Amino acid sequence: MRDPLKTICSRAWTDLNIDFYLNRWRYCCKAVWAPIPEEYDHTYFIDNPYLKKMREELLTGIETPACEWCWHDYKETGHAWRDISNIWKNTSIKNILLQTKHYNIPSQFVLTFDNICDQSCLYCGPENSTKWAKELNDRKNIGINQNIKKQIDALTKWLATVSGEFTFQILGGEPTYSHNFYYFLEQLKLNNILENSNITMSITTNGNTIKSSMEKLLKIINSASWKWHIGLSNEACGEIGENIRYGLNMKRFENNLKLYLNTPNISRIVFSPTMNALNVKNFHEYIKLMHSIILSTNKEKEITWVGNWVNYQPAELDCKFLPNHFSNYIDKAIEVMKNTSTDLNMDDNSDVYSWLNNMKTRIHNPEEDLNIITNYVDHLSHIKPLLNKQILLDQLHD
């Protein structure tokens, strides 16, 4: 008999992802993308045959193909993104069914406007970074989708008719360089959504933004009545971080973190690391550095950690290929996280320790193969002329 508690996930009701640049949508950041039809209105995103089928299957214990990322991870490593992101995981089936009726409108809109980016992180690619596209001379991912502004217009007009409390999570590319992101903010203002205090605007940035763009962003943040969250996407410090996140200036990243910490209208800083084969050894040092900056700058600011990991595109940087004893570095990270956060305003509901323990499980598997990682690093060194190949290979050995 099928058990719906093994398949149901809140993300299939709460988190609508729209990628305007690649003209696609999904519920949950790990689900399979579906194309946006040529003709539609925005009720399509809350009521269409594909969505109905996905939800019906989850509610009846069927492993819906839309969530194959998690089903695959369960089979491979025993854990999946659903373990961290599903807010209904400790809820009875009766209460879950009541919750599903509540979310006729998603509570979170995860929006990607374009792929404009000043970095080409080693685990990223041309669809999500113009810097990557230029390195590969991939012209189709350097151009601009002319329909984006029309889609933004339609979305904001629809949102003006929706009441309730919801979050916009802005992804990229790099949102702070995206003219489409700023156009979206202008349309929110024109549709009188700018003064809606029930909105949380969460921007996931690489933290590498130059001074003039930072000034532009902070001016907007200080002028709107929303709650503002800043997500910082990084997972290593020093030269290691600058090579994994190719194009990063770590000193600028640290300075920008201090600016965000000192901006009163930003209520929360979200650290969003992506665990991969090249950062595991250094991760505890990154935690230590971030917490020391917060402690010396503004320890009252609310912070949280929401971790992710590489498992495909490129699969070669999955930390499951590391030697089993590298799980000791995760133990170090857990110890540092606990010891350095005691005086900080850290979100008690954070699943950071569940995530870190899942990373230990991921490394403890029979698929150890350093050749897969080293061959991929060699491949990357031919694309990125300033890549310090040796410093990356050093991360694979004690």
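Description of the structure in this document.

So, the sheet that holds strand β10 (residues 302–305)
Sheet architecture is open: 10 strands sit in the order β3-β2-β1-β4-β5-β6-β7-β8-β10-β12, paired in mixed fashion. Edge positions in the sheet fall to β3 (34–35) and β12 (345–346), since each has one partner strand and no second.

Notes on the state of the cysteines
All chains considered together, the criterion is met by zero disulfides. C9 takes part in no disulfide bond, and the closest cysteine sulfur, belonging to C28, lies 5.7 Å away. The thiol sulfur of C237 is not disulfide-bonded, and the nearest other cysteine sulfur, from C121, lies at 15 Å. Judged by relative accessible area, C237 falls into the buried class, the value being 13%.

Details of unusual backbone geometry
With an omega of 5°, the peptide bond running from G172 to G173 counts as cis. Tracing the sequence through the fold places G173 in the loop between β5 (166–171) and α8 (179–190). Positive phi values are uncommon outside glycine, yet C28 reaches one of about 90°. Mapped onto the secondary structure, C28 falls in the loop between β2 (24–27) and β3.

Some words on a nonpolar patch on the surface
Side chains of L5, I93 and L97 sit close together on the surface and give an oily, nonpolar patch of about 220 Å² of accessible area. Residue L5 is classed as partly exposed on the basis of its relative accessible area of 42%.

What counts as what
Residues numbered from 1 in each chain as written. Predicted model: local features only at pLDDT ≥ 70, side-chain atom pairs only at ≥ 80, totals over all residues. Heavy atoms only, no water. Pairing = 2+ DSSP bridges. Helix = DSSP H or I, 4+ residues; strand = E, 2+ residues; numbered from the N terminus. Disulfide = S-S within 2.5 Å. Buried < 20%, exposed > 50% of the residue type's maximum accessible area, 1.4 Å probe, protein only. Patch = residues over 30% accessible without salt bridge, like charges linked within 9 Å, V, L, I, M, F, W, Y side chains within 5 Å. Areas by Shrake-Rupley, 256 points an atom, 1.4 Å probe, with all protein chains shown as cover. Salt bridge = Lys/Arg side-chain N within 4 Å of Asp/Glu carboxyl O.

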